[in-house]
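Observations on the model geometry
What follows is the residue order along each chain.
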Amino acid sequence: MTDAKLIFSREDKKIYRDGDKLVKVFDKKYSKANILNEALNHARVEETDLNVPKIRSIGVVDGNWAIVLDYIEGETLQSLMAKHPEKQDEYLELFVDLQMTVLSKNVPMLNKLRDKMQGQISDADLDATARYDLHTRLDSMHRHKHLCHGDFNPTNIIITSDGTPYIIDWSHATQGNSSADVARSYLLFYLAGEEELAQKYLKLYCKKSDTAIQYVQRWIPIVAAARLSKSKPEEEQFLRSWIDVVDYE
């Protein structure tokens, strides 16, 4: 990796471009099991017909575990939306269409979203009454087996020069209820400060998929609680405000 260029960095991981390869290097505090599970999730999604970068290898770089993938040349949908606000509706339509395509897939070997969220709610800093209510709500929701991305937002979509969209970062992929993934995307727009866009997104998704907005809204407190278990301090107040909403029954 002598000629590799650092393109993204945060405390727990660094991402490099090395020619036609992307190298994701994890901090030593990452467990080997979690890194290998991320690679396995990605490999299973590769078996669909979705446009995703292919994993080339898993190894160790300077003593740290790393995943090596195809480098996808292009621009994120987030960047394009920022550059061309006049095309917001067009880009939002593309975003929703891509998400509906993802959610139409079935990857039966993935972990179940319901099981993951039950564990996250248990780990959240909430009192026993709130956790009981959220566990009960989650258990009452329909059991589906759709492919859920887990972090579907415009930064995880790369558009190549010929207009082909690629979906990246499958580390949170599970199988479960589509509306849970939609509720998460809705919250991600809010967390990015895009409240108006969040509302437009939810209305557009529900119209195109013939899903009741109220049904997605029932998922929001559950998804907020799940995210609270590993949220950043600056997100906590916002997430708790959604967990406190009890009028979606």
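This text goes with the structure placed above it.
Structural notes, computed from the coordinates. (Residues numbered from 1 in each chain as written. Predicted model: local features only at pLDDT ≥ 70, side-chain atom pairs only at ≥ 80, totals over all residues. Heavy atoms only, no water.)

An order of β6-β8-β9 is seen for the 3 strands of this open sheet, with the pairing classed as antiparallel. Both edges of this open sheet fall to β6 (75–76) and β9 (165–167), since each of them pairs with a single strand only. As defined by bridge partners, β6 adjoins strand β8 (residues 157–159) across 2 bridges and the pair is classed as antiparallel. Its bridge partner lying in β8, Thr76 is registered against Ile158. (Pairing = 2+ DSSP bridges. Helix = DSSP H or I, 4+ residues; strand = E, 2+ residues; numbered from the N terminus.)

Another aspect to go through is the nonpolar core. Grouped together as the largest cluster of nonpolar side chains are 58 residues, with contacts concentrated most on Leu147, Trp170, Tyr186, Tyr201 and Trp219. If you tally residues by element for this core, the top one is helix α8 (residues 213–228), at 10 residues. Ignoring sequence-local partners within four residues, the contact set of Leu147 consists of Val45, Leu50, Val102, Leu103, Lys105, Val107, Leu110, Trp170, Ala173 and Thr174. Counting residues in each nonpolar core, the second largest holds 7 residues, with Phe26, Ile35, Ile67 and Leu69 among its members. (Core = buried A, V, L, I, M, F, W, Y, C linked by side-chain atoms within 4.5 Å. Buried < 20%, exposed > 50% of the residue type's maximum accessible area, 1.4 Å probe, protein only. Contact = heavy atoms within 4.5 Å.)

We now examine the pairing of strand β4 (residues 55–61). Sheet topology places β4 next to strand β5 (residues 64–70); 6 bridges connect them, and they run antiparallel. Along β5, the bridge assignment pairs Ser57 with Val68. With antiparallel pairing between neighbouring strands as the criterion, β4 and β5 make up a hairpin whose turn holds 2 residues, including Asp62 at a positive phi of roughly 50°.

Now for unusual backbone geometry. The backbone phi angle of Asp169 is positive, close to 60°, even though this residue is not glycine. With respect to the helices and strands, Asp169 occurs in the loop between β9 and β10 (174–176). Positive phi, normally seen in glycine, also occurs at Asp210, with a value near 55°. Assignment of secondary structure puts Asp210 in the loop between α7 (195–209) and α8.

Overall, antiparallel pairing links the 5 strands, which are arranged β1-β2-β3-β5-β4 in an open sheet. Looking at which strands have only one partner, the edges of the open sheet turn out to be β1 (5–10) and β4. The average angle at which neighbouring strand axes cross in this sheet is 20°, direction not considered. One ladder, built from 6 bridges, connects strand β2 (residues 13–18) with strand β3 (residues 21–26); its direction is antiparallel. Pairing of Asp18 across the sheet is with Lys21, part of β3. (Axes fitted to C-alpha atoms, helices over the stretch in contact; angles between N-to-C directions.)

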